[in-house]
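Structure assessment
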Amino acid sequence: MGTEPGPDLIVRNLAVTPVAAQLQSGGQVLLSWETFNSGNQATVSAWQDRVIVRNVSTNEIIANYLVNYNDIGNLPLQAGAGRNRQITITLPEGNRGAGNLSFQVTADVANS
């Protein structure tokens, strides 16, 4: 049984960088990643990546964003190629935005 032909978008090189000197509640963080096409064909439509920030201590989702791919036009992403993406997020003030946080990105959340 072989692999189905088509694009296969994955997230690589996820990085979390505080905008100020340190990461703290109410502060901003720059989340950057590469959406990489590990499939064997180019994409044919735009897609959205989903960013979820969770307070691990309370299991509360404190941020949920969709990042559109088409902000640079509906250009195909060739097989074996990647596109750098980023979003700046403001964390909630107080306990909700403090403690152990997880940052997750899902490529092509709607399976476009």
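Notes on the structure follow.

The rules behind these values
Residues numbered from 1 in each chain as written. Predicted model: local features only at pLDDT ≥ 70, side-chain atom pairs only at ≥ 80, totals over all residues. Heavy atoms only, no water. Pairing = 2+ DSSP bridges. Helix = DSSP H or I, 4+ residues; strand = E, 2+ residues; numbered from the N terminus. Contact = heavy atoms within 4.5 Å.

Looking now at the pairing of strand β4 (residues 60-68). Regular strands show a simple pattern: their side chains alternate between the two faces of the sheet. Looking at chain direction, strand β3 (residues 48-55) and β4 are connected through eight bridges and run antiparallel. If you follow isoleucine 52 over to β4, its bridge partner there is asparagine 64. Where β3 folds back onto β4 in an antiparallel hairpin, the turn is made up of four residues, including asparagine 59, whose phi is positive at roughly 60°.

Tracing the backbone through its elements, the reader meets alanine 46 in the loop between β2 (28-37) and β3. Remark: the alpha-carbon pair of alanine 46 and leucine 101, spanning 55 residues in sequence, is separated by 29 Å. Other than its neighbours up to four places away in sequence, alanine 46 contacts Tyr69, Asn70, Asn74 and Ser112.

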